[in-house]
Amino acid sequence: MRKPDGKIVLLGDMNVGKTSLLQRYMERRFADTVSTVGGAFYLKQWRSYHISIWDTAGREQFHGLGSMYCRGAAAVILTYDVNHPQSLVELEERFLGLTETASTDCLFAIVGNKVDLSEEGASEGCETEGDSPGPAGGSAPSKGPKQVRLEEAVALYKKILKYKMLDEKDMPAAEQMCFETSAKTGHNVDLLFETLFDMVVPVILRQRAQGPPQTVDISRYKPPERTKSGCCA
Amino acid sequence: MMSTKAFTLVSAVERELLMGDKERVNIECVECCGKNLYVGTNDCSIYHFLLEEQSLPAGTATFTATKQLHRHLGLRKPVCELRAASALHRLLVLCDYSITLVHMLSLEPVPSGARIKGAVALALNENPVSGDPFCVEVCIISVKRRTIQVFMVYEDRVQIVREVSTPEQPLAVAVDGHFLCLALTTQYIILNYSTGAAQDLFPYCSEEKRPIVKRIGRQEFLLAGPGGLGMFATVAGISQRAPVHWSENVIGAAVCFPYVLALDDAFITVHSMLDQQQKQTLPFKEGHILQDFEGRVIVATSKGVYILVPLPLEKQIQDLLASHRVEEALVLAKGARRNIPKEKFQGMYRRILQQAGFIHFAQLQFLEAKELFRSGQLDVRELISLCPFLLPTSSSFTRSHPPLHEYADLNQLTQGDQEKAAKCKRFLMTYLEEVRSSEVVHSYKEDVDTALLKLYAEAGHASLLDLLVTENACLLADSAAWLEKHKRYFALGLLYHHNDQDAAAVQLWVNIVNGEIDDPTRADLYDYVVDFLTHSPDHALVWKHADWALQKSEEVGVQVFTRRPLEEQQDGFNPDDVLTRLKKYPNALVRYLEHLVMDRNLQREEYHTRLALLYLDAVLQRTPGASGSGAEVTETQAKLRRLLQKSDLYRVHFLMERVRDAGLPMERAILHGKLEEHEQALRTLALELGDFPAAEDYCAWRSVGREPAYRRRLFHTLLALYLGPGPSPPASASASASAELAVAAVDLLNRHAAEFDAAQVLQLLPGTWSVQLLCPFLTGAVRDSTHTRRTAQVALGLATSENLIYKHDQMKLKRSSFRLSDKQLCQVCHSPFCEPVFVRYPTGDLVHTHCAASRHTNPSAPRPGART
Ligand SMILES: Nc1nc2c(ncn2[C@@H]2O[C@H](COP(=O)(O)OP(=O)(O)O)[C@@H](O)[C@H]2O)c(=O)[nH]1
Ligand SMILES: [Mg+2]
């Protein structure tokens, strides 16, 4: 088995659509998923790099595995369901802590999935037939307004940078890293993954130049600057 | 979940062999090293067996164990663990918290009595850090709380090398290099015992379940995780494989590449590490030990020992393919790469790819099939041979053995479904198109191209023609029969042509055009054949079919002669021969002569005259009666006139004979012109025809390339005709006619003022004409003559002034005087002047007259001016 060059991890509450997003991107289809047990991953070749994308289980039972999956990750995709405000809250409360083990210059993306279920959802490519939502995806009985606005995701993104004591200037802009997707219609799914792949390549190169994680060459590597106000924000 | 058969369970040590009828004896642990099998029991005994393996043809094996020795350790405690250190010929025995070293064969303790005390569990380092081959590294969980100890064990001594304390009480340990993988009370960790660095893996609950820590390879461990997960973790604390999903109550795990086996209270489950899927489930009750020893997987209950015999990978793969589980078969094959020698693997893998390709092919999944065929480097003839008769009879191909698939032919594969068969053939077509140009098929190009031709022909595919007109290796006999069968006669012709049988090709096409055989491929086949003949280097063939082509259409047919590349016409198509052949075809004849005269510009009187006569005949046929005064001029007539004007080669007098009384004044005029009979020509044009522009054009035409005086003479002749009463003016309507002529004269003068000598003209003009009428002419003439006068004046002035300059010079020279004495020397010969005669140069130099003369004849003489 080829050792991947970099790792991207999908985190988020169960049923927000992590498995569906990955399946949509890798297999170009939307089909019924079974609740993910433990974790699974795909290998994606992007240019000359092999990137592993890990799908994790949102179930509480497997929560403990998250830190290990995130270890050394080059990017983390925090996923919520735009129709379930609680799923966004969970990202901060339960999942953010798991990313402590990720690479120091790990990128974060925040993804609101299932926009097809709400009114001003993704229009292009969206089948408008009013089929009853799947058993697990049944968050919105009929199309209503979106429950979580994009600005809330943007706010979370900025908060994460503060928590991580990263300077906003050194990281991609929030608008660039917050996505609204639909695994069902495919809306923004390619954009999400491919934007991230492109951003991850430099991280991989930096990690390589840096050598194994423990031996940081101070003379060549400049860690991201920390903001002084970070801790009491 | 479809299952694979990866292992078979066979018995190794029967209950009777081990403990006979002693009910209370239970197996506690096993160890296997080569053929040596050791069993430790709860009554403090060790049994040593020798295992003999007999392979069975189905890929499995049976085992017979023969008891070698049984030794009681003399305590009342169970034997907890046994580990063989074959390099030291020692067996490590954990019993009553103490590890003793016994001889592997005699089972006698080492005389030194070396032992490790206070051990709860032990693990051997299979990736040792010391390079010493006569030493094994052993890790133990110590009876001391939260302590791990590392020992070096030699033949008859042990040495502690490290003691590390852990954050919580360790319950299980595995080791790889410096890395300990530990199950603590609440979590799994990786601990580097050399640096002390610890890395958390993930939490679990030791109260709920027994931990499993199992080294599965270099720097990688398998751990029992929450929710029945088998988690993989590396020494760096990351997971590189997705977890496998076990049941909640797994008690043991083993690895036999590429499988992970797990034991619970009722089953042994087999998962693939390659795709994480569960592959096999074997019912197994009351098992309590599952371990692998150098690739051998042993499972035991408290009463008996069993072996899980892996089926050879190739057999497993074949089984998967047989049940059409292509993906899994390929994953397994790819995963097996490291376990099989390279050359063997490549051959095997290629074959598997090909087989997989046929499975997809049979399911009409052509995209997948193609990729597999390509990467498996399939001999395409395997595919071709599915379609009966596609391979040429001469082909040496035989299908690979054992066969790559189970199908006799396409019909069987599609179960007679014509539509499916057509789809398969379409795929085959595109696939052959792609591979035919590749290096791979080089040695059997004929087979491929012939098959492709047959497929095209059968399907009525247009690419058939493209195939035949480009480089191809289609076999003639085979292809010809097939094309005939499918009535693709035009294509058959192309095939003949490609095989240098043009005569056959053309004959076939002629037959199609004649309607003797039917092939609607080309509606324009006649034109095609003419074009073909035109470019054919086979002259005999052209002559042979020329009549046929001309009979169909003279205009088109004649192209076989006229459109031929020039260099070819030179030899083999003598114009006279062609003309003879064309005698029966007047239109073709005209075309051909035109070609000779106009296109090839041949300067032979005969051709020119003949062409002119043919034109003339045609014109005369069209204009019965002599009323050809030019209502509309036919195309032929235009051609005739053009020829008469342009060519200087035809026999003018001969033509004049024919034209004179034929009522063709225009043509007559041209002929007069050719004979320099300008007055007659102009008379005809201007007076007879009244075609004044034509008359003017005539003047221009005839004077091309002549001196101005000649031109002027022509115009004057015309003017004279307009003005003077002609010798035979038309008797009737003389008044209006002469008025018309007067107007023509005025127009002529006004338009071509420059062409006339005004003085002469003025004398000719009738006195009654007003100045107004001739204003443009007169203005032109006056301006012209003024211009001439002024030019002359300027020239005169210039000449006068030039003359003055010379005079001035002369005066200057005359005015100055000089003295010649006998003291002066000639500038050329440097001797004195003896006579009064001398030459003086404008520079003032004086020389002898003879010296001056010689200077002009002898350039090497010193130039007198050079010194001054
Ligand atoms: N309408 C809709 N349903 C979705 C979408 N993504 C996932 N689902 C459904 O939501 C449920 C949970 O999806 P899954 O991918 O298993 O979520 P995970 O637990 O985060 O992996 C499934 O029934 C999916 O069919 C989406 O974009 N739109
Ligand atoms: Mg999932």
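For clarity, every value in this text was computed on a predicted model and none was experimentally measured. (Residues numbered from 1 in each chain as written. Chains lettered and ligands numbered in written order. Predicted model: local features only at pLDDT ≥ 70, side-chain atom pairs only at ≥ 80, totals over all residues. Heavy atoms only, no water.)

(A) Up close: the overall build of chain A. Within chain A, the regular secondary structure consists of six helices and six strands. Across chain A, helices and strands are ordered from the amino to the carboxyl terminus as β-α-β-β-α-β-α-β-α-α-β-α. Counting all 233 residues of chain A, 53% fall into the buried class. Looking at chain A alone, contacts between residues at least 24 apart form 76% of all its contacts between residues at least 6 apart. (Helix = DSSP H or I, 4+ residues; strand = E, 2+ residues; numbered from the N terminus. Buried < 20%, exposed > 50% of the residue type's maximum accessible area, 1.4 Å probe, protein only. Contact = heavy atoms within 4.5 Å.)

(B) Molecular detail of the coordination of the magnesium ion (ligand 2). Residue and element names in this part refer to chain A. All of the protein donors around the magnesium ion (ligand 2) are T19 (OG1) and T36 (OG1); their distances to the metal are 1.9 to 2.0 Å. Residue T19 is found in helix α1 (residues 18–27), and its partner T36 is found in the loop between α1 and β2 (39–46); the two are separated by 17 residues along the sequence. Here T36 falls in the buried class, since its relative accessible area comes to 14%. (Donors = N, O, S within 2.8 Å, 3.2 Å for Na, K, Ca; no water.)

(C) Representation of the packing of helix α25 (residues 678–688) of chain B against helix α26 (residues 692–702) of chain B within the structure. Residues and elements named next belong to chain B. Closest axis-to-axis distance for the α25/α26 pair is 8 Å, and the angle between their directions is 155°. When the axes of α25 and α26 are compared, the pair comes out roughly antiparallel. Contacts between α25 and α26 involve H678, A681, L682, L685 and A686 from the first element and F692, A694, A695, Y698, C699 and R702 from the second. Partitioning the contact of α25 with α26 into residue classes produces nine nonpolar, one polar and one charged. (Axes fitted to C-alpha atoms, helices over the stretch in contact; angles between N-to-C directions. Parallel < 35°, antiparallel > 145°, perpendicular 65-115°, else oblique. Nonpolar A, V, L, I, M, F, W, Y, C, P; charged D, E, K, R; others polar.)

(D) Structural context of the site of ligand 1. Residues and elements named next belong to chain A. Around ligand 1 sit 20 residues, and of these N15, T19, S20, T33 and D116 come closest. In the model, an oxygen atom of ligand 1 is placed 2.7 Å from a nitrogen or oxygen of the T19 side chain. Contact distances for ligand 1 include 2.8 Å between an oxygen atom and a backbone N or O atom of A183. Here ligand 1, which alone exposes 580 Å², has 94% of that area covered by the protein. (Near = heavy atom within 4 Å. Polar contact = N/O pair within 3.5 Å; in protein donor to acceptor, adjacent residues only side chain to side chain. Areas by Shrake-Rupley, 256 points an atom, 1.4 Å probe, with all protein chains shown as cover.)

(E) Molecular detail of the confidence of the model for chain B. Residues and elements named next belong to chain B. Residues at a pLDDT of 70 or more form 95% of chain B, whose mean pLDDT is 87. Scored below 50 in pLDDT, residues 726–731 makes two contacts in the model with residues more than four places away or belonging to other chains. Every residue in residues 864–868 is under pLDDT 50, and counting partners more than four places away or in other chains gives 10 contacts. Of the two predicted TM-score estimates for the complex, the pTM is 0.64 and the ipTM is 0.82. (pLDDT = per-residue confidence, 0-100.)

(F) Expanded view of the sheet that holds strand β8 (residues 98–103) of chain B. Residue and element names in this part refer to chain B. The strand order β6-β7-β8-β9 describes an open sheet built from four strands, whose pairing is antiparallel. The open sheet has two free edges, formed respectively by β6 (79–85) and β9 (115–117), since each of these has just one partner strand. Taken over all neighbouring pairs, the strand axes of this sheet differ in orientation by 20° on average, direction set aside. As paired elements, strand β7 (residues 90–95) and β8 share six bridges and run antiparallel to each other. (Pairing = 2+ DSSP bridges.)

(G) Geometry of the nonpolar core. If you look at the biggest cluster of nonpolar residues, it comprises 105 residues, and the most contacted ones within it are B:F361, B:L383, B:L432, B:W509 and B:L582. Considering every element that reaches this core, the biggest residue donor is helix α8 (residues 418–435) of chain B, with eight residues. Setting aside residues up to four positions removed in sequence, B:L582 forms contacts with B:L550, B:V558, B:F561, B:A588, B:L589 and B:Y592. Counting residues in each nonpolar core, the second largest holds 94 residues, with A:F95, A:V200, B:L201 and B:M231 among its members. (Core = buried A, V, L, I, M, F, W, Y, C linked by side-chain atoms within 4.5 Å.)

(H) Layout of the interface of chain B and chain A. With 21 residues of chain B at the interface, the matching set in chain A holds 16 residues. Among the residues of chain B in contact with chain A, B:I238, B:S239 and B:Q240 are the three that bury the most area, contributing 28% of the side total. Counting across the chain B and chain A interface gives zero salt bridges. Where chain B packs against chain A, one counts three residue pairs in polar contact (both at pLDDT 80 or more). Looking at the side of chain B that touches chain A, the elements with two or more residues in it are β17 (198–203) and β20 (229–234) of chain B. The dominant element in the side of chain B that touches chain A, judged by the number of residues it contributes, is β17(B), at five residues. Of the residues contributing to the side of chain B that touches chain A, the split by class is 12 nonpolar, six polar and three charged. (Buried area = accessible area lost by both parts, 1.4 Å probe. Salt bridge = Lys/Arg side-chain N within 4 Å of Asp/Glu carboxyl O.)

(I) The arrangement of the side chain of B:K303 in detail. All names here are of chain B. Relative to the assigned elements, K303 resides in the loop between β27 (296–300) and β28 (305–310). At a separation of 2.8 Å, a polar atom in the side chain of K303 contacts the main-chain carbonyl oxygen of V25. A polar side-chain atom of K303 sits 2.7 Å from a polar atom in the side chain of N26. In contact with K303, other than residues within four places in its own chain, are R15, L18, M19, E23, V25, N26 and I27.

(J) The packing of helix α20 (residues 586–599) of chain B against helix α21 (residues 605–622) of chain B, seen in detail. Residue and element names in this part refer to chain B. Between α20 and α21, whose axes approach to 10 Å, the crossing angle comes to 140°. Classified by the interaxial angle, the pair formed by α20 and α21 is oblique. Viewed along their axes, α20 and α21 form a crossing whose handedness is left-handed. Two secondary-structure elements touch here, α20 through L589, V590, L593, E594, L596, V597 and M598 and α21 through Y607, H608, R610, L611, L614 and Y615. Of the residues contributing to the contact of α20 with α21, the split by class is 10 nonpolar, one polar and two charged. (Left-handed = near helix turned anticlockwise from the far one by under 90°.)

(K) Up close: empty space enclosed by the protein. Scanning the entire structure with this criterion turns up two cavities of 30 Å³ or more. In this model, the largest cavity occupies a volume close to 60 Å³. Taken together, B:T4, B:Y259, B:S272, B:L274, B:D275, B:K279, B:L320, B:E328, B:V331 and B:L332 make up the full set of residues lining the largest cavity. It is helix α3 (residues 326–335) of chain B that contributes the most residues to the lining of the largest cavity, three residues altogether. The residue inventory of the lining of the largest cavity, partitioned by class, reads five nonpolar, two polar and three charged. Volume-wise, the second largest cavity comes out at about 40 Å³. Around the second largest cavity sit A:L11, A:T56, A:A57, A:F62, A:H63, A:L65, A:G66, A:Y69, A:F95 and A:L98, which together line it. Considering only residue class, the lining of the second largest cavity consists of seven nonpolar, three polar and no charged. (1 Å grid on protein atoms, 1.4 Å probe; cavity = no way out; pocket = protein on both sides within 12 Å on 5 of 7 lines; lining within 4 Å. Points joined across faces, edges and corners; volume = space filled by probe spheres on them.)

(L) Local environment of helix α27 (residues 708–723) of chain B. The end-to-end C-alpha separation of α27(B) is 22 Å, in line with the 22 Å expected for 16 residues at 1.5 Å each. Among all positions in α27(B), only B:Y710, B:L714, B:F715, B:H716, B:L718, B:L719, B:L721 and B:Y722 are buried. (Expected span 1.5 Å × (residues − 1).)

(M) Main features of the sheet that holds strand β11 (residues 136–142) of chain B. Residue and element names in this part refer to chain B. Strand order in the open sheet formed by four strands is β10-β11-β12-β13, with antiparallel pairing between adjacent strands. Each of the sheet's edge strands pairs with one partner strand only, and the pair in question is β10 (119–124) and β13 (158–165). On average, each strand axis in the sheet is tilted by 25° relative to the strand beside it, whichever way the strands run.

(N) Layout of the pairing of strand β1 (residues 7–13) of chain B. All names here are of chain B. Burial runs high along β1: five of the seven residues are buried. Where β1 and β28 come together, six bridges link them in antiparallel fashion. Across the sheet, V13 pairs through a bridge with V305, a residue of β28.

(O) Here's a closer look at the pattern of salt bridges. For the coordinates displayed, the defined rule picks out 48 salt bridges over all chains. Across the pair A:K146 and A:E180 runs a salt bridge, and its minimum N-O distance is 2.8 Å. Placement of A:K146 in the loop between β5 (107–113) and α4 (150–163) and of A:E180 in strand β6 (residues 178–180) is noted, with a sequence separation of 34 residues between them. Where B:E53 meets B:R296, a salt bridge forms, and the shortest distance between an N and an O atom there is 3.0 Å. One end of the pair, B:E53, is in strand β4 (residues 45–55); the other, B:R296, is in strand β27, with 243 residues separating them in the sequence.

(P) How the structure looks around the packing of aromatic side chains. All names here are of chain B. For the structure shown, the criterion picks out 33 aromatic pairs over all chains. Between F715 and F756 the ring centres are 5.9 Å apart and the planes differ by 75°, which places this aromatic pair in the edge-to-face class. With F715 in helix α27 and F756 in the loop between α28 (734–751) and α29 (758–764), this residue pair connects regions lying 41 residues apart in the sequence. The burial state of F715 is the same as that of F756; both residues are buried. One aromatic cluster in this structure is built from F358, F361, F366, F373, F427 and Y431. In this arrangement the basic side chain of R157 is found over the ring face of Y154, its NZ or CZ atom lying 3.8 Å from the centre. For R381, the ring lying beneath its charged end belongs to Y444, and the centroid distance is 3.9 Å. (Phe/Tyr/Trp six-rings, centres within 6.5 Å; stacked < 30°, edge-to-face > 60°. Lys NZ or Arg CZ within 6 Å of the ring centre and 35° of its normal.)

(Q) Looking closely at the state of the cysteines. This model, assessed by the stated rule, comprises zero disulfides over all chains. You can see B:C33 has no disulfide; the closest cysteine sulfur is in B:C32, sitting 7.4 Å from it. (Disulfide = S-S within 2.5 Å.)

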